Amino acid sequence: MAAQAPFADWRVLELSNGIAVSYCGKMFADADAEVVKIESAQGDSLRRRSAGGPAGTLFGYLAAGKKSVTGGGQAEIAALLAGADIVLTDLTDGWTLDEITAHTGASAVVVAVTPFGTTGPYVDDRVIANEFILQALCGSIAGRGWPEDEPVQAGGQLGEFLAGTFAAAVAAATARHAARSGRGEVVDVSTYEAMVIAMGGLSAMSASVLGADSLLGRRSLELPSIVPTADGMVGFCTITAQQFQDFLVLIDRADLLDDAELASFDGRVARRDEFLAMVTRWTQSRTTQEIVDLAVAFRIPVAPIGTPEMLPKIDHFVERGVFVESGAGGLQPRVPYRSDAMATRPPGRPPRLGADNGRVRWPPRPSPPRGAGAGALPLADTRITDFTAFWAGPVATQLLAALGADVIKVEGVRRPDGMRFSAGRPPSWDQWWEWGPVFLCSNNNKRGVSVELSTEAGRAIALELVAASDLVIENFSPRVMTNFGLGWDAVRAANPRAIMVRMPAFGLDGPWRDRVGFAQTMEQATGMAWMTGHADGPPVIPRGVCDPIAGLHAAFAAVAALVIRDRDGSGMHVESTMVEAALNVAAEMMLEYSRNGIAMRRNGNRGPGACPQGVYRCRGDDDWLALSATDDDARVALARLLGRPPDGDWRERPDESDRLISDWTARRSVAEAVEALRAAGVAAAPVTPAAALLSDPHLRTRGFWETVDHPVAGSFLCTGMPFAFLGRPRRWIRRVPPLYGQHTGEVLTELLGRSQQDLSALRQSGTVSDRPAGL
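These numbers come from a predicted model, not from an experiment. (Residues numbered from 1 in each chain as written. Predicted model: local features only at pLDDT ≥ 70, side-chain atom pairs only at ≥ 80, totals over all residues. Heavy atoms only, no water.)

Engineer: Explanation requested: the overall build of the protein in the structure shown.
Structural biologist: Looking only at helices and strands, one finds 29 helices and 24 strands in the protein. A compact globule built from 775 residues should have a C-alpha radius of gyration of about 28 Å, and the protein, at 25 Å, falls within 12% of that. If you line up the protein on its principal axes, its C-alpha atoms span 85 × 70 × 50 Å. For the protein, the residues scored as buried account for 61% of the 775 residues in total. For the protein, the computed accessible surface area is about 27800 Å², with 51% contributed by carbon and sulfur atoms. Considering the protein, the positive charge centre built from 76 side chains and the negative charge centre built from 89 side chains are found 3 Å apart. (Helix = DSSP H or I, 4+ residues; strand = E, 2+ residues; numbered from the N terminus. Rg over C-alpha atoms; globule rule 2.2 N^0.38 Å. Buried < 20%, exposed > 50% of the residue type's maximum accessible area, 1.4 Å probe, protein only. Areas by Shrake-Rupley, 256 points an atom, 1.4 Å probe, with all protein chains shown as cover. Lys, Arg positive; Asp, Glu negative; His and termini not counted. Charge placed at Lys NZ, Arg CZ, Asp CG, Glu CD.)

Pasting the structure below:
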């Protein structure tokens with residue numbers, strides 16, 4: 001059967017002036033939706049964005065294949081609104097949600113992506129926020145750097161891309177449901193809330209679950225992480241104790257294997273200079289490739305540090321054809337998911353401003369009859385067998401579960417989800433495997449079953465679950481499912497309608513296929529780390545955001561596959577690769593170098609679209625303020641506050657500007673400085689420690705934090721979803737994260753029809769269990 005484009009007959013109207021909604025629209029254009037971009041007479045501000053060369057490179061990437069209509073004729077836009085299936089907006093060009101929804105059809109899905117959402121104290125107080133200010137508020141900046149140094153942002157405006165990906169996944173699922181049920185939705189997406197989940201919330205969750213015992217949230221950098229080599233830089237990641245021991249052997253320091261202090265992160269921090277000196281002595285005597293080859297042999301996560309010059313030459317990316325010709329010239333990453341049954345659109349050219357004025361005719365959609373499931377959640381008729389672990393895969397299935405899917409999480413008896421054991425309680429605690437904060441915040445709304453897949457009986461249970469499911473999602477390394485006898489051929493034989501979404505770190509083929517890869521590795525390999533850190537210091541990983549970004553792209557791909565199956569009833573095999581999702585959101589660095597020869601790099605807390613911008617110490621022990629002057633009015637106001645001539649050029653002597661601001665903030669508390677700056681119209685925020693997010697008035701008012709009453713970990717606040725369906729109660733957590741094997745009996749007897757005698761026999765044989773083996 002020929003490959004089909006998922007959204008070939010979908011109409012998407014985009015009213016946006018920035019990255020988040022533009023990237024959301026790009027994801028639909030990639031899947032062959034007709035995307036019409038409404039712009040002001042001046043055009044999207046991204047058309048004027050420059051990294052020092054020709055303007056509009058990032059715009060060209062985000063707008064490729066879209067149409068452009070300038071917003072001069074309200075009647076024309078009203079007609080497009082009436083004919084749209086999905087409307088994406090950031091509410092920046094004068095349109096309000098009420099004005100938009102007054103013109104849309106009954107089954108249209110309207111998605112608003114704004115900094116704080118459409119309601120709440122920060123909206124009412126008119127807090128000015130760009131990505132940098134949101135990073136300060138969400139706990140991201142506060143946790144990155146050494147305690148004695150200035151904390152630093154994650155480079156590349158990853159939060160906006162993240163919010164756009166959340167918006168695309170929820171819009172796709174909701175629009176699919178709306179087309180069948182006749183009921184549209186208005187979806188209120190908060191970029192701030194998305195960033196709390198992915199860039200600061202893990203530390204906040206840890207504080208909520210563990211209190212003073214939390215190991216997360218203090219300002220730090222990873223050890224080991226990125227270090228110089230004889231010919232460049234290399235990045236390591238040692239998540240487990242075994243990986244760190246193997247690392248010591250790798251660098252010829254097996255003599256330190258019994259050093260208990262060095263085995264702990266706190267101990268390495270206390271001996272940081274000693275530890276880094278021994279690592280860099282070893283790495284600087286070898287080439288990057290020599291080190292990578294050795295580390296791979298030890299199964300230690302490793303990557304060369306992706307730079308603008310290096311990315312298009314990396315062997316894995318070259319052999320997999322990851323970079324393709326851009327319609328505007330140069331190279332860009334391809335769509336990060338693929339299937340023989342799914343066609344995606346190759347990169348086109350970006351539209352000229354207003355090129356399609358008067359040329360788009362969308363007659364209103366006929367109103368489908370309201371179905372019996374019109375009031376249900378979008379995926380209420382979908383069942384998922386979930387073989388995922390750690391964070392990226394569980395983020396994908398948790399989003400789908402929040403949207404109504406029945407997700408059955410399968411964990412091995414001998415190898416449960418490793419996040420159960422991470423950063424929680426020590427083994428001396430009863431049921432210590434139920435305390436992992438990352439596990440607890442990414443597995444809500446799922447039923448948990450234990451099945452030892454390495455046994456014939458376990459494999460049989462897995463195939464019965466597959467036969468009863470619509471989606472099968474896994475994120476093992478490529479060989480694992482095949483070794484279990486659960487590869488695509490087995491899945492298809494068990495259920496020809498099943499969609500199997502696989503989430504390998506580096507892909508199902510290529511030189512890096514079998515390498516171990518975590519989010520940190522992706523951030524090192526794709527350029528995210530290259531863009532993060534102080535200008536005179538080493539690259540720094542953004543720390544974890546790759547996991548949710550990968551999960552959200554996989555969720556979007558899963559919904560796209562469901563849309564195709566709705567037409568012809570056939571299942572399919574989908575590869576949604578973690579590293580390629582990361583490359584898509586970090587694409588600007590690659591685009592600028594490939595097209596314009598500009599080698600972008602990290603620049604501390606400075607960034608595009610604002611000057612001055614930075615983090616400044618205030619009165620207090622470790623209190624910092626983030627400031628971002630985004631326009632001339634803000635710069636004039638800032639000059640008045642500092643007693644500086646208002647017509648000065650802040651860009652001429654940025655270091656001098658930073659000193660002036662630092663002198664001013666050092667004499668004030670954070671609260672006093674923020675109040676004065678906001679009153680003057682300058683974007684400012686405290687650099688918020690992650691734990692303080694739990695009492696953030698805006699998040700509290702909007703119902704972002706949801707209370708979980710867990711049978712082992714007790715009552716704690718948990719991240720919900722960063723969006724709300726307007727007009728519906730906001731409560732995303734309907735089922736608390738499962739205890740290990742909690743629903744094994746329920747699922748095997750009620751869904752698979754096994755008897756109690758079968759269940760007892762399976763328990764006796766160790767095929768299923770209420771407790772992980774060996775603990």
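Engineer: Any chance you could explain the domain arrangement of the protein here in plain terms?
Structural biologist: Accessible area lost during the coming together of the parts is what is often quoted as the interface size. Taken as a whole, the protein is organised into domain 1 (238-300) and domain 2 (612-694). Computed from C-alpha atoms alone, the centre-to-centre distance between domain 1 and domain 2 is 40 Å. (Domains from an automatic or database assignment.)

Engineer: When you look at the sheet that holds strand 8 (residues 233-236) in this model, what are you seeing that I'm missing?
Structural biologist: To summarise the sheet geometry, strands pair through backbone hydrogen bonds and adopt either a parallel or an antiparallel arrangement. Spatially, the 3 strands line up as an open sheet ordered 7-8-9, and their pairing is antiparallel. Across the chains shown, the open sheet's two edge strands, defined by having one partner strand only, are strand 7 (226-228) and strand 9 (302-304). Averaged over all pairs of adjacent strands, the angle between strand axes in this sheet comes to 25 degrees, irrespective of strand direction. As judged from the 3 bridges shared by strand 8 and strand 9, these two strands associate in the antiparallel manner. Each residue of the ladder has a partner; that of Phe-236, found in strand 9, is Val-302. Set on the sheet, helix 12 (residues 272-283) makes contact with strand 7 and strand 8; between it and strand 7 the angle comes to about 55 degrees. (Pairing = 2+ DSSP bridges. Axes fitted to C-alpha atoms, helices over the stretch in contact; angles between N-to-C directions. Contact = heavy atoms within 4.5 Å.)

Engineer: Hey, could you run me through the packing of helix 21 (residues 546-568) against helix 22 (residues 578-585) in this one?
Structural biologist: Between two packed helices, the angle of one axis relative to the other and the distance separating the axes together describe the packing. Contact geometry of helix 21 with helix 22 gives a least axis separation of 9 Å together with a crossing angle of 100 degrees. Here helix 21 lies roughly perpendicular to helix 22, going by the angle between them. Along its contact with helix 21, which presents Cys-546, Asp-547, Ile-549, Ala-550 and His-553, the element helix 22 presents Met-578, Ala-581, Ala-582 and Val-585. Looking at the contact of helix 21 with helix 22, its residues break down into 7 nonpolar, 1 polar and 1 charged. (Parallel < 35°, antiparallel > 145°, perpendicular 65-115°, else oblique. Nonpolar A, V, L, I, M, F, W, Y, C, P; charged D, E, K, R; others polar.)

Engineer: Explain the sheet that holds strand 20 (residues 624-628) to me, please; I cannot follow it from the model alone.
Structural biologist: With antiparallel pairing, the 3 strands of this open sheet are ordered in space as 19-20-21. Each edge of the open sheet carries a strand with a single partner, namely strand 19 (613-617) and strand 21 (683-686). The sheet shows a mean angle of 20 degrees between the axes of neighbouring strands, direction not considered. In terms of strand pairing, strand 20 meets strand 21 through 4 bridges, oriented antiparallel. Note on strand 21: the bridge partner recorded for Ala-626 is Ala-685. Packed onto the sheet, helix 26 (residues 670-679) meets strand 20 and strand 21 and runs at close to 165 degrees relative to strand 21.

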